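The residues making up each chain are set out below.
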Amino acid sequence: MHLDHHLESPAAVSADARRPDGSRRALRIGLGGPVGSGKTATVAALCRALREELSLAVVTNDIYTREDAEFLLREAVLPPERITAVETGACPHTAIRDDISANLEAVEDLEDEVGPLDLVLVESGGDNLTATFSRGLVDAQVFVIDVAGGDDIPRKGGPGVATADLLIVNKTDLAPYVGSDLGRMAADAKTVRGELPVVLQSLRSEDGVREVADWVRERIAAWTA
Amino acid sequence: MSRAALLVLADGRFPAGGHAHSGGAEAAVRAGRVTDAASLEAFCRGRLHTSGVVAACVAAAAALGADPGDLDRAVDARTPSPALRAAGRRLGRQLMRAARATWPSPELDAVASLFPKGAHQPVVLGAAARAAGLGALDAAYCSLYEGVSGPATAVVRLLGLDPFDATGVLARLADDMDRVARDAVETAERVVSDGVGVLPARSAPLLEIGAEAHAARAVRLFAS
Ligand SMILES: Nc1nc2c(ncn2[C@@H]2O[C@H](COP(=O)(O)OP(=O)(O)O)[C@@H](O)[C@H]2O)c(=O)[nH]1
Ligand SMILES: [Mg+2]
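As the structure is a computational prediction, the values presented were derived from the model and not from experiment. (Residues numbered from 1 in each chain as written. Chains lettered and ligands numbered in written order. Predicted model: local features only at pLDDT ≥ 70, side-chain atom pairs only at ≥ 80, totals over all residues. Heavy atoms only, no water.)

(A) Expanded view of the coordination of the magnesium ion (ligand 2). Residue and element names in this part refer to chain A. Coordination of the magnesium ion (ligand 2) by the protein comes from Thr40 (OG1), Asp68 (OD) and Glu123 (OE), over a distance range of 2.1 to 2.4 Å. Spacing between the donor residues of the magnesium ion (ligand 2) along the chain follows T-x27-D-x54-E. One end of the pair, threonine 40, is in helix H2 (residues 39–50); the other, aspartate 68, is in helix H3 (residues 67–74), and 28 residues separate them in sequence. Of the two residues, threonine 40 and aspartate 68, neither departs from the other in class, the shared state being buried. (Donors = N, O, S within 2.8 Å, 3.2 Å for Na, K, Ca; no water. Helix = DSSP H or I, 4+ residues; strand = E, 2+ residues; numbered from the N terminus. Buried < 20%, exposed > 50% of the residue type's maximum accessible area, 1.4 Å probe, protein only.)

Here it is, written out as structure tokens:
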């Protein structure tokens, strides 16, 4: 009965897996983490790696400019109509967790206008270690930290590091210059995350996003199974 | 009717997208017109007695069951700035999403399908109040309160204004809100009998001009 109600409705109101017309909506993956850790760079690399095999779109949440969306447009990782910028009103975590309406609207509009889509990547505006995505907005979340932010971040934990479906420790190429101990970061991450996966990557290296792209492929396979 | 439902709808944390908007306060701050608690109060009072009156009458009329299409056109006609019209529809669409999830109702579904990209926010607010079992006075209060609390919260973020001072501003506007809300209900009752032509058409030209300037800015904290 609940389902019928949604099928008749002109717009989905929540995280329902079906669109109003009954088709399956795109898998939504959120990328969060501190400012500058490499979220936009990871989104760009994922678009390049996956755009031939998947129908993709991106939602960025910029804090006070359209910088991230413009970077992705400049790099031409996707056609412009597949990239939408959401304005977050000085509170990036509110827009991905407490009040997700603007982001849901952006996702729905992308599906309406350039769909059908397989995957929508939602990049958070960049926040502190407590920022996480609502399950009403994304199906899986990736938390991106970098080695230059200090190798004690995995030990400090916090909801993003501890509970994200995937933790990326980015910029491993910089480890020797900033004195970060990668082995210790990986071990600390394991301690706070248990069985949840961790990827150490450098986007400066050839095919640096490969492991994360494979993880996304697995999620897509599970979503469409 | 449930009075507690009014608290749910009027709560600043009701997830309807308002947190990303400043109600024109960011443009006023950038233009140097709002600099402290006193100028914030003048700004909010001005908003309350101009666009606030219109929005409250529309919300109250929608809560009484006036035709949403007529009301929506009336708001368009009273909002010269395209940027403000766009922001109002966006907020209406987001409020509709939250309201339908919170108070499922065939009437809300009908308004949503009439306006897939959003009706003006006060039209949706009135319909949401109706779905929540609230009355026209409640809808008017909600509309007026968020019309001033949005700018006050935004100015705390924009200027680092003392949050106690900002809350004091809202408290000092309470009597004005009471009066405007009562008048809005009277107008709304006349809308039901005589049509949307009796709606007031007060406007604040600087809010309209500021909204256009704000929409053209490359760097801003709030969407409107
Ligand atoms: N050395 C190095 N720099 C990186 C890497 N990934 C991203 N960057 C750079 O780090 C800066 C911030 O990246 P960005 O993706 O914008 O961070 P965001 O704020 O998390 O979106 C940019 O200058 C990127 O080019 C990496 O793996 N290695
Ligand atoms: Mg970014």
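(B) Structural detail: the pattern of salt bridges. All names here are of chain A. Taken as a whole and assessed by the stated rule, the structure comprises 36 salt bridges over all chains. Its salt-bridge partner being arginine 19, residue aspartate 112 comes within 2.8 Å of it at the nearest N-O pair. Remark: arginine 19 occurs in the loop between helix H1 (2–8) and strand S1 (27–32) and aspartate 112 occurs in helix H5 (residues 101–114); sequence separation between them is 93 residues. Of the residues examined, arginine 19 reaches a relative accessible area of 14% and is grouped as buried. When the shortest N-O distance is used, the salt bridge between aspartate 214 and arginine 217 registers 2.7 Å. Placement of the pair is aspartate 214 and arginine 217 together in helix H10 (residues 210–224), with a separation of 3 residues, close to one helical turn. What makes arginine 217 partly exposed here is its relative accessible area of 30%. (Salt bridge = Lys/Arg side-chain N within 4 Å of Asp/Glu carboxyl O.)

(C) Region of interest: the packing of aromatic side chains. All names here are of chain B. All chains considered together, the criterion is met by 1 aromatic pair over all chains. Ring centres of phenylalanine 14 and tryptophan 103 lie 5.7 Å apart, and the angle between their planes is 20°; this geometry places the pair in the stacked category. Placement of phenylalanine 14 in the loop between helix H1 (4–10) and helix H2 (25–30) and of tryptophan 103 in the loop between helix H6 (82–102) and helix H7 (106–114) is noted, with a sequence separation of 89 residues between them. When sorted by exposure, phenylalanine 14 lands in the same class as tryptophan 103, which is buried. (Phe/Tyr/Trp six-rings, centres within 6.5 Å; stacked < 30°, edge-to-face > 60°.)

(D) View of the site of ligand 1. Residues and elements named next belong to chain A. Taken together, 16 residues sit near ligand 1, with Gly36, Lys39, Ala41, Asp173 and Leu203 positioned nearest. In this structure, lysine 39 approaches ligand 1 through a main-chain N or O atom, which is 2.7 Å from an oxygen atom. At 2.7 Å from an oxygen atom of ligand 1 is found a main-chain nitrogen or oxygen belonging to leucine 203. Considering ligand 1 on its own, with 580 Å² of exposed area, one finds that the protein chains cover 74% of that surface. If one sorts the elements of the shell around ligand 1 by residue count, H2 sits on top with 3 residues. Here the shell around ligand 1 is composed, by residue class, of 5 nonpolar, 6 polar and 5 charged. (Near = heavy atom within 4 Å. Polar contact = N/O pair within 3.5 Å; in protein donor to acceptor, adjacent residues only side chain to side chain. Areas by Shrake-Rupley, 256 points an atom, 1.4 Å probe, with all protein chains shown as cover. Nonpolar A, V, L, I, M, F, W, Y, C, P; charged D, E, K, R; others polar.)

(E) Looking closely at helix H3 (residues 37–49) of chain B. Residues and elements named next belong to chain B. Compared with the 18 Å implied by 1.5 Å per residue over 13 residues, the 18 Å span of H3 between its first and last C-alpha is a close match. For H3, the set of buried residues is Ala37, Ser39, Leu40, Glu41, Phe43, Cys44, Arg47 and Leu48. Looking at the buried side of H3, the elements it contacts are H2, helix H4 (51–63), helix H9 (136–159), helix H10 (163–172), helix H11 (174–194) and helix H12 (205–215). (Expected span 1.5 Å × (residues − 1). Contact = heavy atoms within 4.5 Å.)

(F) Examining the pairing of strand S4 (residues 119–123) of chain A more closely. Residue and element names in this part refer to chain A. Along S4, 5 of the 5 residues are buried, which leaves the element largely enclosed by surrounding structure. Along S4, one buried face is formed by Leu119, Leu121 and Glu123 and the opposite face, lined by Val120 and Val122, is buried too. Bridge count for strand S2 (residues 56–62) against S4 is 5 bridges, and the pairing is parallel. Within S4, the residue paired with valine 58 across the bridge is leucine 121. (Pairing = 2+ DSSP bridges.)

(G) Representation of the nonpolar core in the model. If you look at the biggest cluster of nonpolar residues, it comprises 73 residues, and the most contacted ones within it are Leu9, Leu40 and Leu71 of chain B. Discounting chain neighbours no more than four positions away, the residues touching leucine 71 of chain B are Val58, Ala61, Ala62, Ala66, Val123, Val191, Val196 and Leu199 of chain B. (Core = buried A, V, L, I, M, F, W, Y, C linked by side-chain atoms within 4.5 Å.)

(H) Focus on empty space enclosed by the protein. Applying the stated criterion across every chain yields a total of 1 cavity of 30 Å³ or more. What lines the largest cavity is simply Glu87, Ala95, Asp99, Ala102 and Asn103 of chain A together with Gly17, His19, Ala20 and Gln94 of chain B. Counted by class, the lining of the largest cavity contains 3 nonpolar, 4 polar and 2 charged residues. (1 Å grid on protein atoms, 1.4 Å probe; cavity = no way out; pocket = protein on both sides within 12 Å on 5 of 7 lines; lining within 4 Å. Points joined across faces, edges and corners; volume = space filled by probe spheres on them.)

(I) Broad picture of the side chain of aspartate 68 of chain A. An unpaired buried charge is present at aspartate 68 of chain A: no salt bridge exists, and lysine 39 of chain A, the closest side chain of opposite charge, is 6.6 Å distant. Here aspartate 68 of chain A is in contact with Thr40, Thr60, Asp62 and Glu123 of chain A, once residues within four sequence places are set aside. (Lys, Arg positive; Asp, Glu negative; His and termini not counted.)

(J) Broad picture of H2 of chain A. Residue and element names in this part refer to chain A. The first and last C-alpha atoms of H2 sit 16 Å apart over 12 residues, in line with the 16 Å expected at 1.5 Å per residue. Most of H2 sits out of view: 9 of its 12 residues are buried. Burial in H2 covers these residues: Lys39, Thr40, Thr42, Val43, Ala44, Ala45, Leu46, Cys47 and Leu50.

(K) Geometry of the sheet that holds S1 of chain A. Residues and elements named next belong to chain A. Taken in spatial order, the 7 strands line up as S3-S2-S4-S1-S5-S6-S7 in an open sheet, and their pairing is parallel. In this open sheet, the two strands that pair with only one neighbour each are strand S3 (83–87) and strand S7 (198–200). Recorded for the sheet is a direction-independent mean angle of 20° between the axes of neighbouring strands. Here 5 bridges tie S2 to S3, and the two strands are oriented parallel to one another. The partner of asparagine 61 across the bridge, within S3, is valine 86. The sheet contacts of H3 involve S2, S3 and S4, and relative to S2 the element is tilted by about 145°. Sitting on the sheet, H5 is in contact with S1, S2, S3 and S4, with an inclination near 155° to S2. (Axes fitted to C-alpha atoms, helices over the stretch in contact; angles between N-to-C directions.)

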